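Read off the chains here:
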Amino acid sequence: MTRTFPRFLFGGDYNPEQWPRDTWEHDLDLLDAAHVNEATVNVFGWSLLQPDEATYDFTTLDAIMDSVADRGWSVTLATGTAAVPAWLATAYPQAMRVDIDGRRQLFGGRHDFCPSSPDYRRLAQALASRVAERYAHRPEVVCWHVNNEYGNAGGWSSYCFCDECARQFRTWLERKYGMLEALNEAWCTNFWSHTITAWSQIIPPVLAGDAISADKCVISGLQMDYRQFQNEQFLDCYRIERDAIREHDATTPITTNLMGTYKDFDYFAWGREMDVVSWDNYPGMDTQPSFTAMCHDLMRGVGSGKPFMLMEQTPNQQNWFPYCKAKRPGEVGKLSWQAVAHGADTVQFFQLKQSRGGCERFHGAVIGHDDSDRSRTWREVQALGADLESRAAAIMGSTVPAKVAVIFDWSSFWSLEGCVGPTQGLRYPDEVHRFYRALWRRGVAVDMIESTTPLERLRGYDLVVAPALIMVKPGVADTLERYVRGGGRFVTGYMAGIHDGHDLVVEGGYPGELRALTGVWVEEIDALAPGDGIDVRFADGHAAQGGIVASVIEPEGAQAVASYGGSDFYVGTPAVTVNDFGQGRAWFVGTALDEAGMQAVIDPILAEAGIEALDLPDGIEASRRVADDGTVFTFVINVGETPVDGVRVPGVDGALDMGAFAVRVFADGEELAR
Amino acid sequence: MTRTFPRFLFGGDYNPEQWPRDTWEHDLDLLDAAHVNEATVNVFGWSLLQPDEATYDFTTLDAIMDSVADRGWSVTLATGTAAVPAWLATAYPQAMRVDIDGRRQLFGGRHDFCPSSPDYRRLAQALASRVAERYAHRPEVVCWHVNNEYGNAGGWSSYCFCDECARQFRTWLERKYGMLEALNEAWCTNFWSHTITAWSQIIPPVLAGDAISADKCVISGLQMDYRQFQNEQFLDCYRIERDAIREHDATTPITTNLMGTYKDFDYFAWGREMDVVSWDNYPGMDTQPSFTAMCHDLMRGVGSGKPFMLMEQTPNQQNWFPYCKAKRPGEVGKLSWQAVAHGADTVQFFQLKQSRGGCERFHGAVIGHDDSDRSRTWREVQALGADLESRAAAIMGSTVPAKVAVIFDWSSFWSLEGCVGPTQGLRYPDEVHRFYRALWRRGVAVDMIESTTPLERLRGYDLVVAPALIMVKPGVADTLERYVRGGGRFVTGYMAGIHDGHDLVVEGGYPGELRALTGVWVEEIDALAPGDGIDVRFADGHAAQGGIVASVIEPEGAQAVASYGGSDFYVGTPAVTVNDFGQGRAWFVGTALDEAGMQAVIDPILAEAGIEALDLPDGIEASRRVADDGTVFTFVINVGETPVDGVRVPGVDGALDMGAFAVRVFADGEELAR
Amino acid sequence: MTRTFPRFLFGGDYNPEQWPRDTWEHDLDLLDAAHVNEATVNVFGWSLLQPDEATYDFTTLDAIMDSVADRGWSVTLATGTAAVPAWLATAYPQAMRVDIDGRRQLFGGRHDFCPSSPDYRRLAQALASRVAERYAHRPEVVCWHVNNEYGNAGGWSSYCFCDECARQFRTWLERKYGMLEALNEAWCTNFWSHTITAWSQIIPPVLAGDAISADKCVISGLQMDYRQFQNEQFLDCYRIERDAIREHDATTPITTNLMGTYKDFDYFAWGREMDVVSWDNYPGMDTQPSFTAMCHDLMRGVGSGKPFMLMEQTPNQQNWFPYCKAKRPGEVGKLSWQAVAHGADTVQFFQLKQSRGGCERFHGAVIGHDDSDRSRTWREVQALGADLESRAAAIMGSTVPAKVAVIFDWSSFWSLEGCVGPTQGLRYPDEVHRFYRALWRRGVAVDMIESTTPLERLRGYDLVVAPALIMVKPGVADTLERYVRGGGRFVTGYMAGIHDGHDLVVEGGYPGELRALTGVWVEEIDALAPGDGIDVRFADGHAAQGGIVASVIEPEGAQAVASYGGSDFYVGTPAVTVNDFGQGRAWFVGTALDEAGMQAVIDPILAEAGIEALDLPDGIEASRRVADDGTVFTFVINVGETPVDGVRVPGVDGALDMGAFAVRVFADGEELAR
């Protein structure tokens, strides 16, 4: 793997335009001293670069670029289009977003534009082009950063529901379906007299229309199509800027920063349009370390397995959680190294200096409001910078070799959470994580993949896991059958296989097209009240609890691995099954199991697949990256605050005593010195 | 009582238009095998029947009717107007509903029309007329079904607040009040300077107007009048369709399906316009069986005591609860028989076949997504069909003889929940149920009646109960006094008698016009925090807890039946009283008692009234219907899952062992064999 | 101090226009018997006085005035402008308020007008002028009451966001900032590309604009300015009416009733415009008596220490709480005397007679719905009237001498609750109360003052406390430093000093301009989850719990008074500090301490300052007023229901046995007889 960047980037968002020019050198000194070697600039530069439609003014950005270049830093250069200027909102009100409730944005916040607006697109393209034209030749520019966190309108969806979007949506639908008959059939419009008899009758899924909420719609096909359409509109915005840059710079990698399991965009489609994937990692107070690990793997998967950029994280508190706990000593280092362990080749912060105003002013920064090197935050960043300088460069370009794949399917994300019944209790990323965690606990490397991954790639995995894959797109079941028939192992479960590619139920019985493969018929899906559990007893003696839903399973060839306890009418029926299928096997997990239960499912599968499974103590994560030359980097991380002694990991001699948030890195068994 | 239908209808909503024609016979076979003998068709047929304003196309409905008739089934034929077609919404935007927040519906969902719209009314009438004209002669049509669940816009009110409604509301008010002076007085507009000096100044109770919420308004009289007005507008919509049918069919009964204790419509007014009342029974996870029983009795009462139709229930899960528990084995049978026991002469499902798309696709159906007769659901329906076939026909036309009446007053419903103070804790149906449950526990038959029930009908009851009757309309108190004076027994309590017919407080002291009758003055109404209770001690030694409100009572002739305990300032004052009044007696229950407390109130009254009160074990419901020929049908139902042995019921020999959801039916003491 | 009124006013809102003329005398008899000597009339009289724009009709008000004057009562005469008539809303739709969501009010509720509307202002001014012209000569008019509870639109803010407000706001900003450059810098608009390049681009902080919620905004400076602007617009409305009155009456005091810690208006600015401050006291079920005491002190402070009017309280239940507990026997007396003890020279109720209609009909009144003198409420009012008649007159005009000042700063109120991070857990009034309570518990008199109180006034205090003073306006820190340097004592703490006058963070480290004074640098502010606490150990052995936030403090000259316990990374660091500064000392409280903790902070300070601190039992409040002639009135009040025996208070001989809600008043040690 070629290294994407000339060095391990350590830096982040830098907005010196918020301070007087005469403070810059002081700040750069502080950052230099903290081993910062990169600045991401111009993220919100639009109004500064283009004070009115006719005028471009690069004076300030030139100065910023010069001052950063003088330090010998690299630059990630943003196009600056993430927040439109006030003059644009005033001159082009139709370029502003209309929300699901029909309210048009006036001016304020960010991501308040309509992605379909010809005016927004024209002006964003022009700005990107001007910026690229001016700075493409600069050697310090190592990466282009288009816009910023597309979709992040601050807790709300940034989908637009305006008349222009409606117009283009109709065209999009006409292209997709050709004839209204096809659309009516795909949308099942005979339900509640919803037949469309002219394209012009179609309106986006607004609350005054067919939407029940932002997530649910009477005609779910309308919502699924609108999500696809909006995904493409925003992706078009990205492409337009990217292509404008490419006219001036043929080689420097281009990215836009993603947001992990963000719902509104199918990031696999985005990843295909990027040279390098970057993302912003903001775990909350209650985020499990395994969830963060899954996000890293997902972002790496979106980038086809290549190393990715950790574009943003905070060196201390986020500001936008309800209660913002300070990061504990060592925690930022731990989070940074966890990213590297899962494939990151950069560690960047939002942000390098804490702003005085604006709603993010309480967000942590390398230079805090104290404006000095005295803060614990600065000192931890400085130590981390030194650490990365000594230990991270060698790792760059290495990849994560995985024999297990977990499917993350944005269509199933939308479809599952779009269901009205049988429960409100399911959040798609949490259900994927439920399965992922059992693998992570064993130190098993995981690739997060699309459901439409072709057979030849699937065959590279010893195990493919598809949690809550409610939508099975055309061809997917066939590919999975061929994969298993040829000796593969496949795990799926509750809610899988219910919908076809149009979000219509596959008739004949759940799990639809996965029925032959899994050898089960799910006769009913019982829903449990929040907090209620159902006993699950494994044939091998393990006991666990299921929850949220309980599939009532009638085996059609499959064997029971575990069965329901308790006193309900389906007591004694299978809760987990396995089906021999060709040369392989397929498991069906009927209920959302607790950790013990998931482990009881996954552990024997790993064993029979011969996948190395570690017996890691609680709180210890172990993972590997492998360089082109075969060097194996082993990462052992204490993801928590409780010290753990005597940790043993294959390929590492002796037992490791791991303090709070300790990070140990080994190259072919040899520890890398800090 | 003449039987309304030629046979005991067993079937339900059937929408084969959602599937290819070549699947229909397979489905009909499955339904036939399950003893289905009825189909409710065309409920959402509008867009299919009338693809544009100028075109009617009955091809598909003809085919459906033929295929069902071929099976020898009966048909409940809907007019298909419950969801307007997209073309109508596009062509007549003013025909669409405007919600309380001023947002006009575009197209989507259902019940998105304005009930005052001349265009909607004209087009709905035309469709109903065409359908009736075409199918009135068909012998399989045993019932006409107008629209569907008027008011059910999916969790929201379907009241409209548009300009056309405003215009007609002003006319309606002018007709009601004649002069603005009368309106101003009735609305107490001197409060907060609300005087109306021109009819044109009146606006509906929108949130940008006088409404505090959907339930509360600064001028409550405005809201009460708007509720009456909207009730009449929707009822007009029903009448228009009904009359259109009658032009083509002079005799077949016409109904529309109601929704139990649905708040927005005064169903007693609706019942008077229907040949047979039908309703949809959807108990939730936490609905008490006694509440369901009360709903059945209410629907029977709305239909003047005649047998009613159970138009909809689900054969398994509802889909629209947050967590949809599967119906337990036997549960659907229990629910069906409970309906019959309370007066139902049909058992119909929503729906016969589970849809592939649309937001109700996870709602249970006789034929599930498995499309087969293998499912537990199908098998239970089949068993129920056989059971009803053998046991239910004989019961048809029989009625429920009741010596106790409970008043359910929609005006008090609106008025009580419209109060701003003294508590948010009161839900009218729950308070009615609190009293009803104590009767139900004793197997006492109850008629649910209007507050304006005339004296001659009241005199047929040994006991009349009026929970939370906050609005006492003109003449009601006088009728009640004459009823009690003549030997009747009357129970009322907290919050009763406060308002006159204009929702104005009756001055002079609570309970207003009921003060002489009850012999108490309620000096204060203390409100308790949620979860707080107050001790209540009965003179006969029973102890109980009150809650929500505690009336501080000064007796004016009444005797204390129970008094408050605890340490509050009104400790020792009466919590429950009884007043001798003429030949009868009147009780006042000052606080919302727990089950033990309500039983301690009701049991002695039943005893002194000589009303048969059974000592039923927990979970057992007992009830009766009586045929014209005097045959007494006794129903004993285990409404729960816990088996109960040794149940003894008058008129039934020996002790009954009742398994989970067991249903036993006896005709003059002789058990009906399944 | 001159007495503001000729007698101790005992009465309240009186709206006889809601009843027939022939009932008035009966009501006046009842009120007379209850010792009522004042009526507040015409509060919502607009539609009655001016039935259309061209017509004024004083017939009814004349009659009311006559009937009250006949009784020899005093009158507080309102201008009647608090709720606009329907005809005004119809004729001038632009005069109606537009809410933060862009919805224009139509008609209904109250406070539905736009404060910037020229039409509203013209018409309100005209009405005030007419009323004043007609009644100014009447001797019974002892007070003018402008409008009513400005801002109380019923749970919502009454700020307007209409185009007219936007227009005037731009002018206001132009006046304030002069140049756009200054505005851009003050608002930190380089954040998220918010640069304003034309005044016309500025829009109010609506939800479709820059607002995140009613309390938070992306550019907080925009919100702070809009709050100031709206505060001034409403204050203008008050001034316009006040000045209209003054043209007809040069001397009678003018007021408008305030609402304690109401957020939307800076009441110190309002107090400067009033002859006498009046306010409405409505403690809830859970309001602590010390919070009520603080509100009284705040209202007295707003009126520069002069006696104030208790314009409204309820003689029994409020109606608008979710659960309205009846006032316990003696409770209204206690609340009334608590007001007097803190400086009230009137005791007035909302209202004298309970209305039959409207959303406040369940609000308590002297004459209840029973319309008689039999109610407990009437009897308690009557007893209170007699009591005040005998004990209160002598106290009038006396003032509360305080050696301790607590700063209540509306800008910090808005700023603190406008922060996005580090916690949502802080409510400004609660944090002020946290400090206030520790003083109240010791019977220490407190003046509530502005942050900009000049040095000469500060020097009158032995101790100045500034909780959560997040915004330090220009000059404030300097004044505080000079105050302490000269020997003063100053207490502040968490969240203090962060923002400058533009709501921008003061760089260099928290607490900004208070850093030298307090001798600490707050390196980080950790946020605790709700319910979490942190141990705090005082050097003198006391133990306590902190919460919400924990400041991580690095002393810069200050000494630790208490330090953090527990196991967090800042264990052992100072939680509370004290800094010697010149002749005085400054304390910094790092975390929101529980009651024990606050007492452990405050008690030693009182001791070293030589401020008399009483050892009062729980539930006992003690306070003083001092007359011009030097008479000291001592008030001892049992603020709770639990009797407390043996209470000793300086200047009062012997021990007092205080029953529930008991009130004892002493003049120079001699008890005033009831």
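Keep in mind the model is a prediction, meaning the values are calculated, not measured. (Residues numbered from 1 in each chain as written. Chains lettered and ligands numbered in written order. Predicted model: local features only at pLDDT ≥ 70, side-chain atom pairs only at ≥ 80, totals over all residues. Heavy atoms only, no water.)

**Details of the overall build of chain A**
Here is step 1 of the chain: When its secondary structure is counted, chain A shows 18 helices and 26 strands.
Here is step 2 of the chain: C-alpha extents for chain A along the principal axes are approximately 75 × 70 × 45 Å.
Here is step 3 of the chain: Out of the 674 residues belonging to chain A, those deemed buried represent 67%.
Here is step 4 of the chain: Residue pairs at least 24 apart in sequence account for 72% of intrachain contacts in chain A once pairs closer than 6 positions are excluded.
Here is step 5 of the chain: As displayed, chain A offers around 20700 Å² of accessible surface, 48% of which is attributable to carbon and sulfur atoms.
Here is step 6 of the chain: The centroid of the 57 positive side-chain charges in chain A is displaced by 2 Å from the centroid of its 93 negative side-chain charges. (Helix = DSSP H or I, 4+ residues; strand = E, 2+ residues; numbered from the N terminus. Buried < 20%, exposed > 50% of the residue type's maximum accessible area, 1.4 Å probe, protein only. Contact = heavy atoms within 4.5 Å. Areas by Shrake-Rupley, 256 points an atom, 1.4 Å probe, with all protein chains shown as cover. Lys, Arg positive; Asp, Glu negative; His and termini not counted. Charge placed at Lys NZ, Arg CZ, Asp CG, Glu CD.)

**Here's the deal with the interface of chain B and chain A**
Here is step 1 of the chain: The interface is formed by 53 residues belonging to chain B together with 54 residues belonging to chain A.
Here is step 2 of the chain: One can count 10 salt bridges joining chain B with chain A.
Here is step 3 of the chain: We note a salt bridge from Arg374(B) to Glu554(A), for which the minimum N-O separation is 2.7 Å.
Here is step 4 of the chain: At the boundary of chain B and chain A, one finds 33 residue pairs in polar contact (both at pLDDT 80 or more).
Here is step 5 of the chain: Counting residues per element, the ones that place at least two in the side of chain B that touches chain A are helix 2 (46-49), helix 4 (86-91) and helix 12 (376-391) of chain B.
Here is step 6 of the chain: Within the side of chain B that touches chain A, the residues separate by chemical class into 22 nonpolar, 15 polar and 16 charged. (Salt bridge = Lys/Arg side-chain N within 4 Å of Asp/Glu carboxyl O. Polar contact = N/O pair within 3.5 Å; in protein donor to acceptor, adjacent residues only side chain to side chain. Nonpolar A, V, L, I, M, F, W, Y, C, P; charged D, E, K, R; others polar.)

**Some details on the relation of the copies chain B and chain A**
Here is step 1 of the chain: Laying chain B over chain A is done by rotating through 120° and shifting 0.0 Å along the axis; what remains is an RMSD of 0.0 Å. Given the turn and translation reported, the copies of this chain are related as if by a three-fold rotation axis. (Least-squares fit on C-alpha atoms with pLDDT ≥ 70 in both.)

**Considerations on the pattern of salt bridges**
Here is step 1 of the chain: Applying the stated criterion across every chain yields a total of 162 salt bridges over all chains.
Here is step 2 of the chain: The shortest N-O distance in the salt bridge between Asp264(A) and Arg227(A) comes to 2.9 Å. Within this pair, whereas Asp264(A) is found in the loop between strand 6 (257-258) and helix 9 (267-271), its partner Arg227(A) is found in helix 8 (residues 220-246), the two being separated by 37 residues in sequence.
Here is step 3 of the chain: Exposure remark for Asp264(A): the relative accessible area of 7% places this residue in the buried category.
Here is step 4 of the chain: Two residues, Asp215(B) and Lys263(B), come together in a salt bridge whose shortest N-O distance is 2.7 Å.

**Things to note about the packing of helix 1 (residues 24-33) of chain A against helix 3 (residues 59-70) of chain A**
Residue and element names in this part refer to chain A.
Here is step 1 of the chain: Contact geometry of helix 1 with helix 3 gives a least axis separation of 11 Å together with a crossing angle of 35°. Crossing handedness for the pair helix 1 and helix 3: right-handed. In this structure, helix 1 contributes Trp 24, Glu 25 and Leu 28 to the contact, and helix 3 contributes Thr 60, Ala 63, Ile 64 and Ser 67.
Here is step 2 of the chain: Counted by class, the contact of helix 1 with helix 3 contains four nonpolar, two polar and one charged residues. (Axes fitted to C-alpha atoms, helices over the stretch in contact; angles between N-to-C directions. Left-handed = near helix turned anticlockwise from the far one by under 90°.)

**Description of the interface of chain C and chain B**
Here is step 1 of the chain: Counting residues at the interface gives 53 residues for chain C, matched by 54 residues for chain B.
Here is step 2 of the chain: A buried area of about 4500 Å², summed over both sides, lies between chain C and chain B, and 54% of it is on carbon and sulfur atoms.
Here is step 3 of the chain: Linking chain C to chain B there are 33 residue pairs in polar contact (both at pLDDT 80 or more).
Here is step 4 of the chain: At the level of secondary structure, the elements contributing two or more residues to the side of chain C that touches chain B comprise helix 2 (46-49), helix 4 (86-91) and helix 12 (376-391) of chain C.
Here is step 5 of the chain: Taken together, the residues of the side of chain C that touches chain B sort by class into 22 nonpolar, 15 polar and 16 charged. (Buried area = accessible area lost by both parts, 1.4 Å probe.)

**Points about the domain arrangement of chain A**
Here is step 1 of the chain: Looking at chain A, the domain boundaries give domain 1 (163-224), domain 2 (404-609) and domain 3 (620-671).
Here is step 2 of the chain: Between domain 2 of chain A and domain 3 of chain A, the C-alpha centre-to-centre distance is 32 Å. (Domains from an automatic or database assignment.)

**A closer look at the environment of Arg537(A)**
All names here are of chain A.
Here is step 1 of the chain: Checked against the element boundaries, Arg 537 lands in strand 15 (residues 533-538).
Here is step 2 of the chain: By relative accessible area, Arg 537 is classed as partly exposed at 47%.
Here is step 3 of the chain: Arg 537 sits 375 residues away from Cys 162 along the chain, and the two C-alpha atoms are 53 Å apart.
Here is step 4 of the chain: Leaving out residues up to four positions away in the same chain, Arg 537 has contacts with His 542, Ala 562, Ser 563, Tyr 564, Gly 565 and Gly 566.

**Re the packing of aromatic side chains**
All names here are of chain C.
Here is step 1 of the chain: The final tally for this structure, using the stated rule, is 100 aromatic pairs over all chains.
Here is step 2 of the chain: Ring geometry for Phe 10 and Phe 349: centres 5.8 Å apart, planes at 75°, overall edge-to-face. Here Phe 10 is found in strand 1 (residues 9-13), whereas its partner Phe 349 is found in strand 9 (residues 344-349), with 339 residues between them in sequence. The burial state of Phe 10 is the same as that of Phe 349; both residues are buried.
Here is step 3 of the chain: A cation sits over an aromatic face here: Arg 391 above Trp 337, 4.8 Å from the ring centre. (Phe/Tyr/Trp six-rings, centres within 6.5 Å; stacked < 30°, edge-to-face > 60°. Lys NZ or Arg CZ within 6 Å of the ring centre and 35° of its normal.)

**Here's the deal with a negative patch on the surface**
Here is step 1 of the chain: A surface patch of negative charge is lined by Asp628(A), Asp629(A), Asp668(A) and Glu670(A).
Here is step 2 of the chain: The topology assignment puts Asp629(A) in the loop between strand 21 (620-626) and strand 22 (632-638). (Patch = residues over 30% accessible without salt bridge, like charges linked within 9 Å, V, L, I, M, F, W, Y side chains within 5 Å.)

**Brief notes about the sheet that holds strand 6 of chain A**
Residues and elements named next belong to chain A.
Here is step 1 of the chain: Reading across the sheet, the nine strands line up as 5-4-3-2-1-9-8-7-6 and stay open at both edges, with parallel pairing between neighbours. Edge positions in the sheet fall to strand 5 (254-255) and strand 6, since each has one partner strand and no second.
Here is step 2 of the chain: Judged from the four bridges that link them, strand 3 (residues 74-78) and strand 4 (residues 141-145) form a sheet pairing that is parallel. Counterpart to Thr 76 in the pairing with strand 4 is Cys 143.
Here is step 3 of the chain: Lying on the sheet, helix 5 (residues 118-135) is in contact with strand 3 and strand 4; it crosses strand 4 at an angle near 180°. (Pairing = 2+ DSSP bridges.)

**Description of helix 8 of chain A**
Here is step 1 of the chain: Helix length check: helix 8 of chain A (27 residues) gives 38 Å between terminal C-alpha atoms against 39 Å at 1.5 Å per residue, within 8%.
Here is step 2 of the chain: Counting buried positions along helix 8 of chain A yields 20 of 27 residues, so the element is predominantly enclosed. (Expected span 1.5 Å × (residues − 1).)

**Let's talk about the sheet that holds strand 2 (residues 38-41) of chain C**
Residues and elements named next belong to chain C.
Here is step 1 of the chain: Strand order in the open sheet made by the nine strands is 5-4-3-2-1-9-8-7-6, with parallel pairing throughout. Each edge of the open sheet carries a strand with a single partner, namely strand 5 (254-255) and strand 6 (257-258).
Here is step 2 of the chain: Where helix 5 (residues 118-135) meets the sheet, its contacts fall on strand 3 (74-78) and strand 4 (141-145), and the angle it forms with strand 4 comes to roughly 180°.
Here is step 3 of the chain: Along the sheet, helix 11 (residues 331-341) contacts strand 8 (308-312) and strand 9; its crossing angle with strand 9, the most-contacted strand, is approximately 150°.

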